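Chains, contacts and geometry: an overview
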Amino acid sequence: MFEEIKNEIIKYGKLSGGKNYTPGISGNISVRTEKNVVITSSGSANGMLTGDDFSVIDFEGNIIEGAKPSSEKFLHLEYYRQREDINAILHFHSPCLTAFAASALALDAPILPEIVFCFGNIPLAKYALPGSKDLVAETAKYFKTHDVILMQNHGVIAGGKDLKDAYLKLELCEEYARTMIFSKILGGAKILSDEDVEKINSLK
């Protein structure tokens with residue numbers, strides 16, 4: 001079972017690495033199983049994963065098998081605790097979303113209908129030291145209500161029902177962030193009206 005999960009993580013790691021969503025040894029990926037979590041190991045490169053770049057941990061963070069887990073393991077575990085519908089998590093430093101995170105800017109204005117429909121908004125969690133309990137606490141404030149969250153001066157975390165779902169959410173939001181950067185160059189995006197937002201949400 002774990003081998004199948006590892007292979008799927010390798011697949012989406014390579015896909016993400018090829019798009020520069022997870023440069024170098026930054027970021028981490030995990031998948032929830034019934035009793036454990038499979039997570040990429042500390043110092044691994046998501047775009048170049050092998051079968052040895054994983055750890056299986058329990059929901060207390062204890063190692064069941066494999067290498068030393070990512071230092072962000074408790075961030076993943078807390079997301080799983082709060083959301084029974086989340087079974088896969090990507091924590092990346094993708095350039096455009098991370099540019100907003102580094103600038104301490106949430107993507108919270110209603111601009112594109114698909115973002116309003118799918119996410120409502122993309123909030124910004126306050127900065128805390130990577131791998132720390134404070135980082136978990138600050139980011140966890142948004143876990144119950146959001147699938148994609150910016151982490152100030154750090155990166156982004158996205159959760160989904162499976163790896164494909166988490167990846168597609170992150171891909172959509174990364175391209176949205178890119179669009180927002182381009183729109184700033186062109187004079188700024190136009191905000192949708194409250195009426196427009198209400199009509200979009202009525203389609204759910």
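A brief structural summary. (Residues numbered from 1 in each chain as written. Predicted model: local features only at pLDDT ≥ 70, side-chain atom pairs only at ≥ 80, totals over all residues. Heavy atoms only, no water.)

Going through the model one piece at a time under the given rule, you end up with three aromatic pairs. Centroid distance tyrosine 21 to tyrosine 167: 6.3 Å. Interplanar angle 35°. Geometry classified as tilted. Note that tyrosine 21 is positioned in the loop between helix 1 (2-18) and strand 1 (28-32) and tyrosine 167 in helix 6 (residues 163-185), a separation of 146 residues in sequence. On the numbers, 4.1 Å between centres and 5° between planes, the contact of tyrosine 79 with phenylalanine 143 is stacked. With tyrosine 79 in helix 2 (residues 73-82) and phenylalanine 143 in the loop between helix 5 (133-140) and strand 7 (148-151), the pair connects residues that are 64 residues apart, well separated along the chain. Relative accessible area serves as the criterion here: at 0%, phenylalanine 143 is assigned to the buried category. (Phe/Tyr/Trp six-rings, centres within 6.5 Å; stacked < 30°, edge-to-face > 60°. Helix = DSSP H or I, 4+ residues; strand = E, 2+ residues; numbered from the N terminus. Buried < 20%, exposed > 50% of the residue type's maximum accessible area, 1.4 Å probe, protein only.)

The subject of this paragraph is the pairing of strand 1. Most of strand 1 sits out of view: five of its five residues are buried. Across the two faces of strand 1 the burial is the same, with Asn28, Ser30 and Arg32 and Ile29 and Val31 all buried. Examined bridge by bridge, strand 1 and strand 5 (residues 88-92) share four bridges and lie antiparallel to one another. In the strand pairing of strand 5, asparagine 28 is matched with histidine 91. Note that strand 1 and strand 2 (residues 37-40) share three bridges and pair antiparallel. Of the residues in strand 2, the one forming a bridge with arginine 32 is valine 37. In textbook terms, the turn of a hairpin is the stretch between consecutive antiparallel strands, and for strand 1 and strand 2 this stretch comprises four residues. (Pairing = 2+ DSSP bridges.)

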